[in-house]
Structure formats: C-alpha cells, structure tokens
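The residues making up each chain are set out below.
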Amino acid sequence: MKFFDYNSGFMRSALLLSRLTILNLMWLICCIPLITAGASTAAQYYCIRQLMDGDTAVFRNFRTGIKLYWKKASVIWLILSALTAAFCLAYYILTDAAVPGKSILVSVAALSFLTLVLTMLWVYPVMVSFKGNLREILFNAFVFTFMYAPITLIAAAFYAGAGFLLVRYLLARGLVILFGQSLVAYANMNLFGKVFLKYQKNI
C-alpha cells in the first residue's frame, strides 16, 4: 500500500515524529540536573537543524551539539536563571512594598521579563545557526525578536499551546512530555530558518 511506502507522507511524518521523540527523551534526561538545561537545549536545536538538512543521526548530532555549545549555552542559561530570579524577587518586593508608582514599576518589570522570555526563543536557534560570541548571539536574538515580531509571537503561541495542553488534558499531557518540546522546537526552527536563510546567504 502506498500509504505505508517508505517515501509516503505518512511514513515520513511517522519517522520524523519517532526521531523527535528520541530527541525529546534525550533532552529531558540531560535537563534533570537543571544546570545542564541550557547545553541540552542548544544540542536539541543543533540536532533539529541537522534533521532539517537531512542528517538523521539523532544520538550523534545531540552529542556533537553538547560538545560544540555547552559552554556558551550554559553561560546563557545561568544569565537567564539569574535574571528570572531577579525579576521574581523584584515583583515580590514591589507587590508587598508601599512605594509610590508601584503599579508602573510592576508593569515595567513585567514588560522587561516578557522581553527576556521572547528573546530567549531566538537565542539557541541563533547560536546554532551563526558563529559569534555571547554578546553577538544575545544582541542578534534581541534584534530578531522585534524585527520579526509576528514570527516571535507565533513561536510563543506554539509554546503557550503546548503548555495549555499539558495543564488541561491528561492524555495530551503524556504526548507533550513524550515529544512536545522537540516538536515545538522543530516547528519554531522551521519558522526561524526562513529568516536566517536571508542572512546566511550574505555570509
């Protein structure tokens, strides 16, 4: 039956989903010590980029991604963690303290944190797609966040949808845990890849 032919759309989708499932499980295991979550996420995006280029060696590419990006990714993860903690502390202090203009300060802190979260959607894809130091990676991710705001919002919507399914539906919860992060990362990398292509042609 053509439905089950190796080159049929169904079989290609099934094979891709199986590889994303393996990748997601590897990502989850490597995120268990939280300090390695950054390196694991960078390796995940590197592996997805290789999948998009036709290289299906998931284990090898994930290991290569860890080796290539563990230092930069870990530093960025520590920066993100520190800033998140700072924003949470600032929000806690501002909501409890009697200070003038409290609502304005809370709004500014919330907007700053939202900007950080949206920028982080681009950081690891930028890292695995372009060469550069930490400052260049963070700057380019920040620029892409606002230069391509509609794509940023679509990428955020993918994560919001996965988060909603994770919380709302028991059956979907298992599927999200099984391959959800890798599937969302794959969808986002396809979105971002179309943007990156214009700049990679000029390198």
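What this report covers is the structure whose coordinates are included nearby. It should be emphasised that the depicted structure is a prediction, and the values quoted were computed from it without experimental measurement.

1. Comments concerning the packing of helix α2 (residues 37-52) against helix α3 (residues 58-96)
Direction vectors running N to C along α2 and α3 enclose 135 degrees, while the axes themselves pass 6 Å from each other. Here α2 is positioned oblique relative to α3, judged by the angle of their axes. The interaxial crossing formed by α2 with α3 has right-handed handedness. Side by side, α2 and α3 meet where A37, G38, A39, S40, A42, A43, Q44, Y46, C47 and Q50 of the first sit next to V58, N61, F62, T64, G65, I66, L68, Y69, W70, A73, S74 and W77 of the second. Of the residues assigned to the contact of α2 with α3, the class counts are 14 nonpolar, eight polar and no charged.

2. Quick notes on the environment of V128
With respect to the helices and strands, the residue V128 is situated in helix α4 (residues 102-129). When its relative accessible area of 1% is taken as the criterion, V128 is described as buried. Sequence spacing of V128 and A162 is 34 residues, and the spatial spacing of their C-alpha atoms is 23 Å. What V128 contacts, discounting residues up to four positions off in sequence, is A42, Y45, Y46, R49, Y69 and M189.

3. Things to note about the side chain of Q181
Locating Q181 in the fold gives a position in helix α7 (residues 170-200). Excluding residues within four positions of it along the chain, Q181 makes contact with N24, W27, Q44, Y159 and V176.

4. Here's the deal with helix α5 (residues 134-147)
For α5, built from 14 residues, the straight-helix expectation of 20 Å at 1.5 Å per residue is met to within 8% by its first-to-last C-alpha distance of 20 Å. Burial in α5 covers these residues: I137, A141, F144 and T145. Projected down its long axis, α5 carries its buried residues within an arc of 105 degrees, all on one side. Opposite its buried face, α5 presents the exposed residues R135 and F139, each directed more than 90 degrees away. The residue sitting at the N-terminus of α5 and contributing the capping side-chain oxygen is N133; that oxygen lies 3.2 Å from the backbone nitrogen of R135.

5. Considering helix α6 (residues 149-168)
With 20 residues, α6 extends 28 Å from end C-alpha to end C-alpha; this agrees with the ideal 28 Å at 1.5 Å per step. Looking only at α6, the buried set comprises I151, T152, A155 and A162. End-on view of α6: buried residues confined to an arc of 120 degrees, all on one side of the axis. Away from its buried face, by an angle of more than 90 degrees, α6 presents the exposed residues P150, L153, V167 and R168.

Rules used throughout
- Residues numbered from 1 in each chain as written.
- Predicted model: local features only at pLDDT ≥ 70, side-chain atom pairs only at ≥ 80, totals over all residues.
- Heavy atoms only, no water.
- Axes fitted to C-alpha atoms, helices over the stretch in contact; angles between N-to-C directions.
- Helix = DSSP H or I, 4+ residues; strand = E, 2+ residues; numbered from the N terminus.
- Parallel < 35°, antiparallel > 145°, perpendicular 65-115°, else oblique.
- Left-handed = near helix turned anticlockwise from the far one by under 90°.
- Contact = heavy atoms within 4.5 Å.
- Nonpolar A, V, L, I, M, F, W, Y, C, P; charged D, E, K, R; others polar.
- Buried < 20%, exposed > 50% of the residue type's maximum accessible area, 1.4 Å probe, protein only.
- Expected span 1.5 Å × (residues − 1).
- Arc of directions from axis to C-beta.
- Polar contact = N/O pair within 3.5 Å; in protein donor to acceptor, adjacent residues only side chain to side chain.

Note that all results are geometric; they support no functional claim without further evidence.
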